[in-house]
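# Summary of the model geometry
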Amino acid sequence: MSDPTGPISAGERLSPNRGEPSRNPKAKPPGRPGKQRPPRKHRSFLGFLAGFFVTGLYRFGLIAIVLAVLVGGGGFYVLNADLPSVDSLKDYRPPLESRVYASNFQLVSELADQHRIYVPYDRIPPVVAQAFISAEDRNFWIDPGIDPVAIIRAGFTDMMRMGSDRRPLGASTITQQVVKNMLLNNRINFARKIKEAILAVRISGVMSKQQILTIYLNEIYLGSNSYGVAAAAQAYFDKPLDQLTIAQAASLGALPKAPSSYDPFRHPQQALDRRNWVIGRMLADGAITADQAKTAMAEPLLPRAGGEKLTVQHAGYFADAVQQQVVDRFGADMASQGGLIIRTSLEPKLQAAAENAVRDGLQRYDQRFGGWHGLVGHVDDPTLEQNWQADLGKQPTPPGMRENWHLAVVLSVTTTSAKLGYTDNSGATGASTAHLGDIALADIRWARPLVNGTPGAPPHTMGQVLNPGDFVMVSPGSKPDSLMLEQIPNVQGALICMDPRTGRVLAMVGGWSHDLSPYNRATQAQRQPGSSVKPFVYLTAMEQNIQPDAPVLDAPFVQQMPDGTTYRPGNFEDNFQGPVPIYHALELSMNLATLNLARTVGLDNIAKNFESFGIINQMPPYYPSAIGAIDTTLWKMVTGYAALDEYGRQVTPTLIDSVTDPDGKILYQADTGPACDNCAAGNPAQPPQLTYSGQQLADPDSVFQDITMMKGVVLRGTGTPAVVGIKQPVAGKTGTTNDFNDTWFIGFTPGVLTGCWVGYDKPQSLGNDQTGGAVCGPIWNEFMKTALDGQPDTDFVVPPGDSLQQTGGVTEAFKTGQSPGAQTNDNLLAGSPAATPVAAPAQPGQPAAPAPSVDKQLGGLY
């Protein structure tokens, strides 16, 4: 046997198990008796590389899977731990808009950040629900909250679009959209989509499909500030949900994808194409028949646009005032999200009459004194007569135009006429129609061109006012194809109508147009009331048992003011009549007689009436205050006059009758109804004795004397323009301030009270002789003819113990113990503090010489 440590011969073999040389090539390997291993083949270098790559890839795959499980599981744990609860959706109560209704339950306005009308599932028409299902989630009824096939399709498409600016393709189910809208944000990222999917599956496990669909159809944003299908149906079609056609339902179903892009008002063709696509999906889903689909596709996109949502037109100022009261009482969130039902005192018929009366009056004034300032814009277009419709379409329509006005463009001008074009979309289809018309020079004589801001002479050629390319406002003329030139006045006005018994405000106008300016001049504008405060001065005299026919001195009045200046006012007519009856002084609104009377009765007593009747919180203790040199609002003045109308009983003005929550619970009820003093007795022989609440501010006898004198104001005095053609007895008072800056008329019957104010927002003169009777009187007259239509000719009731008697040819009221002529000049004038004379008074009824240096800088004029 050879040395095992020696060299191995060529015939020796290594033992595969132990590496020992085998001397016998045929010997069997140790450990594997009876079987010989085949010889190993030699591998190529490429084979070696391939083997190494496969082995490495296999090992890397195992590691990647392990890491993916770890990372995915950890990510799921992190995302899952941060997910919101779905419990809030089980008791779904969306933020609901509050709705304001008129006294006849017509809609006035909606108080909301989001326009939403909640509709339960059983009131959602199936065709509406199906339109959204066909467009957004065809497998809604069977999917588990997500649609895996859609997700894969969207993922593949998005991979193909990588690097482009296009929005990723959506694959969200209706349930996922509910999650996005209600529980998550709108960010587009992978984490948000994973959360959305997890929550969608959860929601599907704990809520029914009907519950999910109800939330979706009430929450989805559909453009035009409309959230939910009911609000959108109102916004786009002015219809309740159950009256929508298949085509209209499909139009709504087309909107969730991109409300702005498929807005039927702004992009009609895109909206039409998308709507018809939805109709095709509904047909493919078997929701409608082929004939129904054909009919729906042939239907116009918007047969009649909803446009104005407010049922009661032009009630913006009233609605704003109501909203402010609701916010003050319940808070901003409750007002805009609480779904409150707010019933108000607004009378739509009277509101329309008030709006028209104010606008008519402002236009009358503007055409007399305003000159021409109505140019809206201008375009230089050599092809104007061919392309005027396109040019007109580019010009924004100014806010504040009246219903029958149109924006027009001047096409050509001659010396005596102008040709204009305008469009009108008031037809049955809502389509725009082109019209041509002419304006005659004779019809625009009022449009005096402005020279340095002041109206000049009437135009003698059309070119002084209109030129080709001018954009102006027009209204239909009295002849075919004739037009009238229009403009929005610069002057402003306000009106309030109230039921004086209850304080319920029946109509309110705060300016020419709420769209043009929401500033409410009826409630917010602090203006000088001028002579409209005088009834409260004369009431003070009546309370001191001074008779209406007692003489008061219409003579110069001089008073040293606290600042050392001398107050020397004058009358409107710049003359003096000497001693005149008190009722005559009120009828003609004599300043000097009123001031001499104020000196007699005392400023402190006048202040008590000013303040208790609510026309001012604290009257400055100066004589100018007695003739209206104070700041107040039309709202406060009307409130004070309401107490006069009610014989001195305090009246609290109200806008809101009641407020209820969505469940019908009454949250607020106005205390405006009467109490029956004898109803409990149940005596059928006695009629019910109804009384209204309110503190007695003055004795009824004195107030009745004041009312009777105020009747003389409209019969013989400054207020006669207000009652032309009115049969019912009216009491009222005019007001005109210094330099004719503010004009007022406030008047009432036993059942209706109305106040009017006209002036510029920035105080400036309305023009010489533009008094309250001349400017506000006709406005009050026009409105009250509607308000009093059908009302009985009821006169003011004489209080027990009082009597109406003739004095000086007129009828005045006298208390028990009083009689005409009982108070002589000496009885009244002897008790007056001495005034500083500056001119000798004339004999009664005769004019006196004017006083020198008359100062009219403070107080009312007329």
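Residues numbered from 1 in each chain as written. Predicted model: local features only at pLDDT ≥ 70, side-chain atom pairs only at ≥ 80, totals over all residues. Heavy atoms only, no water.

Overall, the coordinates contain one disulfide when judged by the stated rule. Here C756 is linked by a disulfide to C776, with a sulfur-sulfur distance of 2.3 Å. Linking C756 and C776, the disulfide has an S-S dihedral of approximately -80° and is accordingly described as left-handed. In this pair, C756 sits in strand β28 (residues 753-759) while C776 sits in helix α23 (residues 772-787), placing the two residues 20 residues apart along the sequence. (Disulfide = S-S within 2.5 Å. Helix = DSSP H or I, 4+ residues; strand = E, 2+ residues; numbered from the N terminus.)

Turning next to the nonpolar core. Residues I342, M508, I582, I606, F610, L655 and F748 are the most contacted members of the largest nonpolar core, which totals 91 residues. In this structure, V179, A197, Y216 and L301 belong to the second largest nonpolar core, which totals 52 residues. (Core = buried A, V, L, I, M, F, W, Y, C linked by side-chain atoms within 4.5 Å. Buried < 20%, exposed > 50% of the residue type's maximum accessible area, 1.4 Å probe, protein only.)

What follows is about the side chain of S345. For S345, the position within the fold is in the loop between β7 (341-344) and α14 (348-369). Overall, the relative accessible area of 0% leaves S345 in the buried class.

When you line up the elements, F745 lands in strand β27 (residues 742-748). In sequence terms F745 and A774 are 29 residues apart; their C-alpha atoms lie 9.5 Å from each other.

A positive phi is found at D739, a non-glycine position, where the angle reads about 65°. Relative to the helices and strands, D739 is located in the loop between β26 (731-736) and β27. Using a relative accessible area of 42% as the deciding quantity, one classes D739 as partly exposed. Residue F740 is not a glycine yet carries a positive backbone phi of 60°. Of note, F740 is situated in the loop between β26 and β27. Residue classification places F740 among the buried residues on the basis of a relative accessible area of 10%.

Let us now look at the packing of aromatic side chains. One pass over the structure, following the stated rule, counts 17 aromatic pairs. Between W372 and W446 the ring centres are 6.2 Å apart and the planes differ by 65°, which places this aromatic pair in the edge-to-face class. Of this pair, W372 sits in the loop between α14 and β8 (377-378) while W446 is found in the loop between β11 (433-440) and β12 (450-451), placing the two residues 74 residues apart along the sequence. Overall, W372 belongs to the buried group, its relative accessible area being 10%. (Phe/Tyr/Trp six-rings, centres within 6.5 Å; stacked < 30°, edge-to-face > 60°.)

As a further point, take the pattern of salt bridges. Scanning the entire structure with this criterion turns up 17 salt bridges. Between R274 and E136 there is a salt bridge, with the nearest N and O atoms lying 3.9 Å from each other. With R274 in helix α10 (residues 268-284) and E136 in helix α3 (residues 126-136), this pair connects stretches of sequence that are 138 residues apart. What makes R274 buried here is its relative accessible area of 10%. (Salt bridge = Lys/Arg side-chain N within 4 Å of Asp/Glu carboxyl O.)

Inspection of the secondary structure assignment puts Q114 in the loop between β4 (107-111) and β5 (115-116). Its relative accessible area of 30% is what places Q114 among the partly exposed residues. Separated by 111 residues in the primary sequence, Q114 and N225 place their C-alpha atoms 6.1 Å from one another. When neighbours within four sequence positions are excluded, Q114 is seen to be in contact with E97, N225 and Y227. (Contact = heavy atoms within 4.5 Å.)

Right, let's talk about the environment of P687 for a bit. The topology assignment puts P687 in the loop between β24 (675-676) and β25 (690-691). On the basis of relative accessible area, P687 is assigned to the exposed category, the value being 59%. C-alpha separation for the pair P687 and C676, spaced 11 residues apart in sequence, amounts to 10.0 Å.

The next subject is the confidence of the model for the protein chain. Across the protein chain, the average pLDDT comes to 84, with 79% of residues at or above 70. Across residues 1-37, confidence stays below pLDDT 50; counting only partners more than four residues off in sequence or on other chains, it has 26 contacts. Scored below 50 in pLDDT, residues 305-310 shows 19 contacts in the model against residues more than four places distant or in partner chains. (pLDDT = per-residue confidence, 0-100.)

We now examine the pairing of strand β16 (residues 492-498). Most of β16 is tucked away: seven of the seven residues are buried. Of the two faces of β16, both are covered, the one formed by Q492, A494, I496 and M498 as well as the one formed by G493, L495 and C497. Judged from the seven bridges that link them, β16 and β28 form a sheet pairing that is antiparallel. The residue of β28 that forms the bridge with I496 is G755. In terms of strand pairing, β16 meets strand β17 (residues 505-509) through four bridges, oriented antiparallel. Residue I496 lies in a different strand from β17, and its bridge partner there is M508. Remark: six residues form the turn of the hairpin made by β16 and β17, two consecutive strands paired antiparallel; G503 in that turn has positive phi of roughly 85°. (Pairing = 2+ DSSP bridges.)

This next bit is on a nonpolar patch on the surface. Among the surface-exposed residues, Y121, W141 and I142 lie close enough to one another that they form a single nonpolar patch of about 340 Å² accessible area. Secondary-structure assignment places Y121 in the loop between β5 and α3. The class of Y121 is partly exposed, set by a relative accessible area of 34%. (Patch = residues over 30% accessible without salt bridge, like charges linked within 9 Å, V, L, I, M, F, W, Y side chains within 5 Å. Areas by Shrake-Rupley, 256 points an atom, 1.4 Å probe, with all protein chains shown as cover.)

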